[in-house]
Amino acid sequence: MESMSFLIGKILTGTTTSESSVLPVMDDDTLETRRSNHGVRLLEKCHQFRRSGLFCDVALETDSGQRYEAHRTVLCASSAYFEGMFAGGLSESQRDVVRIRGIEDDAMYEIVEYAYTARASITPENIQSLLSAASMLQITALTEMCTRALATYLNAENCIGIRRFADAYHLDELRAAATTYALVNFGDVVRHDEFDEQTDDELIELIGSDRLNVRREESVFNAVVKWVAFDEASRGDRLVKILEYIRLPLVSWSFLKQTVAQHELLKSREDCLSFVKEAYQYQSKEFHPDLLPHQCNPSVLRSRPRQSFMEKEYIYIVGGERSPGRQFLDSIEVYKPGTGEWSKMPSLPAPCRGPGITTIGDDLYIVGGWSSHALNTLHVLNLKTKVWKQKSPMSECRSSVAVVAAEDGVYAFGGYNDYSSVRSVERYDPDENTWKKVSDMLISRSMADATCLDNYIYVIGGYDGITDLKSAEKYDLKDEKWSLISDMHVRRCMLSVTVCKNYIYAVGGMDNDISVTSAERYCPTTDQWTLIACMELQRSGLGLVTVRGCLYALAGYNDISHMNSVEKYDPEKDEWSICGYMEINRWRFGCCT
């Protein structure tokens with residue numbers, strides 16, 4: 001009889017005659033799964049030991065004297081702080097009880113639980129103490145969990161305090177989210193105590209930003225006056241420092257003369273009145289256009305409109321396709337939601353379907369599209385003069401192309417080039433009248449849509465030549481690199497996307513040849529998509545824009561016919577309602593504000 005060791009040797013070297021005796025080869029996925037399962041079982045067993053008090057070799061003691069038993073090895077594996085303490089030769093490595101100062105009892109309990117389970121109970125009541133503890137103990141994953149959760153609790157009453165908390169613990173993402181919330185919701189934030197309790201520098205960071213969301217600069221002046229009045233004795237002398245960041249040249253003449261110049265805080269102080277004089281000089285241009293430049297030279301910053309001043313009020317609908325006979329369109333309709341009025345612009349140089357469009361200043365850019373073939377053209381319509389100009393063509397033909405304006409340029413993403421959906425991206429420089437290739441997307445996409453938020457461009461959904469996509473990716477304008485974000489809940493090609501109050505909305509589209517009513521929104525802070533109320537009607541090949549805090553979904557296809565109806569979405573109520581009708585039924589058209 002062969003010895004066992006000899007038999008095993010033959011099995012391992014493949015020299016036995018029985019195939020059933022050969023050990024199976026373990027592929028990488030199987031090995032990874034087994035390792036993962038082994039790790040989970042190992043931690044579960046350690047957790048059982050801890051609960052039973054077995055093999056514990058240290059107790060963590062809080063300021064209250066409460067102790068939490070644990071195993072040094074597990075603590076070191078989950079926390080760089082503990083690894084440095086127990087493995088770095090510090091005196092604590094020899095102690096049975098280690099005092100951890102500055103961490104509350106409930107936070108310490110969750111910290112130990114997380115070390116053994118990778119789970120923590122995060123509530124509005126414990127989130128700040130838990131985040132503080134996780135940051136101090138250098139538990140990166142838990143810190144990120146708490147940061148994402150705290151970002152969802154942001155409101156007008158607490159965003160200033162959360163920004164200060166994020167500053168203290170160097171939580172850059174959370175700080176950015178809190179700052180953005182305060183900028184976007186400035187009108188609501190001003191009404192709460194935290195606004196009045198800000199330092200000079202914290203206030204200046206808000207009112208000095210181009211992104212401050214106010215309709216008129218008068219509201220900024222009133223907010224600053226309120227802030228000074230909260231502690232006039234100490235803040236009165238600091239008003240001149242704050243005035244530098246109020247754009248007084250942009251307030252109305254009557255407000256400047258009757259309210260600002262006559263205000264008790266300003267009228268007796270020459271250093272403050274110098275800003276009023278500057279604003280007078282700037283506004284005098286309107287009445288005295290022959291003034292020489294040196295007679296009217298206010299700060300570039302104080303005379304620059306904030307982004308919210310330039311919020312678009314018109315919706316442009318360009319080209320597309322309509323029934324019967326799949327007729328391509330050259331018409332441009334203009335809609336003003338504030339009045340419900342429709343008007344027309346000069347027709348396109350030629351009919352087309354699936355163009356990408358955007359605006360920069362007074363210029364409307366029409367990029368690519370489809371006529372009898374995919375186009376590489378760029379036409380620009382000046383919205384004031386109503387004159388068309390043909391510009392340099394793209395290097396690649398693109399129909400169903402996603403287009404967005406960012407950093408004073410026009411980006412064209414993917415599209416269909418007569419043969420396939422493509423990954424390539426081009427950027428147009430209006431000053432140079434040139435196109436330049438930039439980094440390819442990670443996934444080929446046509447019939448996708450794109451939008452810009454902060455320093456990223458997001459390209460969402462589409463069709464890769466095989467299937468409709470629920471994937472999305474973002475392009476970092478600074479690093480010029482692409483990265484994937486979370487998938488949508490629904491596959492969508494021929495969708496439309498827009499930004500509203502720091503969320504990205506993806507609405508309608510087609511999933512496996514069926515037009516959908518569903519819509520969802522993306523939070524960049526948490527990298528999560530959330531389904532919102534469905535539209536009243538199915539829509540693919542639609543247009544979607546944001547005007548004054550509401551979304552407008554226009555026209556499209558409902559699997560039966562091309563449409564001309566317009567739906568309005570109120571984010572506060574999470575409700576859609578039909579609000580108007582276009583003159584022409586159409587789908588797969590260009591749409592922007």
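Up top you'll find the structure we're talking about.
Residues numbered from 1 in each chain as written. Predicted model: local features only at pLDDT ≥ 70, side-chain atom pairs only at ≥ 80, totals over all residues. Heavy atoms only, no water.

When you line up the elements, D330 lands in the loop between β6 (327–328) and β7 (332–336). For the pair D330 and C352, spaced 22 residues apart in the sequence, the C-alpha separation amounts to 6.5 Å. Those residues in contact with D330 that lie beyond four places of it in its chain are S347, L348, A350 and P351. (Helix = DSSP H or I, 4+ residues; strand = E, 2+ residues; numbered from the N terminus. Contact = heavy atoms within 4.5 Å.)

Further remarks concern the sheet that holds strand β10 (residues 363–367). Ordered by their spatial adjacency, 4 strands build an open sheet running β9-β10-β11-β12, and the pairing between neighbours is antiparallel. The sheet is open, and its two borders are formed by β9 (356–360) and β12 (388–391), each paired with just one other strand. Direction aside, neighbouring strands of the sheet carry axes that sit 25° apart on average. Of the pairings in the sheet, the one linking strand β11 (residues 378–382) to β12 comprises 4 bridges and is antiparallel in character. Each residue of the ladder has a partner; that of H379, found in β12, is Q390. (Pairing = 2+ DSSP bridges. Axes fitted to C-alpha atoms, helices over the stretch in contact; angles between N-to-C directions.)

On to the sheet that holds strand β21 (residues 496–500), then. Across the sheet, 4 strands lie side by side as β21-β22-β25-β26; this open sheet has antiparallel pairing. Two strands bound the open sheet, and with one partner strand each, they are β21 and β26 (528–532). Across the sheet, the axes of successive neighbouring strands diverge by a mean angle of 25°, strand direction being ignored.

Across all of its chains, the model carries 20 aromatic pairs by this definition. Judged by centre distance (4.9 Å) and plane angle (45°), the rings of F165 and Y169 are tilted. The lysine or arginine in question, K474, covers the ring of Y456, its NZ or CZ lying 4.3 Å from the ring centre. Lying across the ring of W587, R588 places its NZ or CZ 5.7 Å from the centre. (Phe/Tyr/Trp six-rings, centres within 6.5 Å; stacked < 30°, edge-to-face > 60°. Lys NZ or Arg CZ within 6 Å of the ring centre and 35° of its normal.)

Following the criterion strictly, the structure yields 32 salt bridges and no others. A salt bridge links D188 to R191; the shortest N-O distance between them is 2.3 Å. Residue class for R191 comes out exposed when judged on its relative accessible area of 60%. One salt bridge in this structure joins R269 and D237, with 3.6 Å as the shortest N-O distance. Here R269 is found in the loop between α16 (253–260) and α17 (270–287), whereas its partner D237 is found in the loop between α14 (232–235) and α15 (239–243), with 32 residues between them in sequence. (Salt bridge = Lys/Arg side-chain N within 4 Å of Asp/Glu carboxyl O. Buried < 20%, exposed > 50% of the residue type's maximum accessible area, 1.4 Å probe, protein only.)

On to the pairing of strand β22 (residues 503–507). Of all 5 residues making up β22, 4 are buried, and the element is well covered by its neighbours. Here 5 bridges tie β21 to β22, and the two strands are oriented antiparallel to one another. When the bridges of β22 are listed, S496 appears paired with V507. Linking β21 to β22, which pair antiparallel, is a turn of 2 residues; within it K501 sits at a positive phi near 50°. Direction of pairing for β22 relative to strand β25 (residues 519–523): antiparallel, over a ladder of 4 bridges.

No statement about biological role is implied by the geometric values presented.
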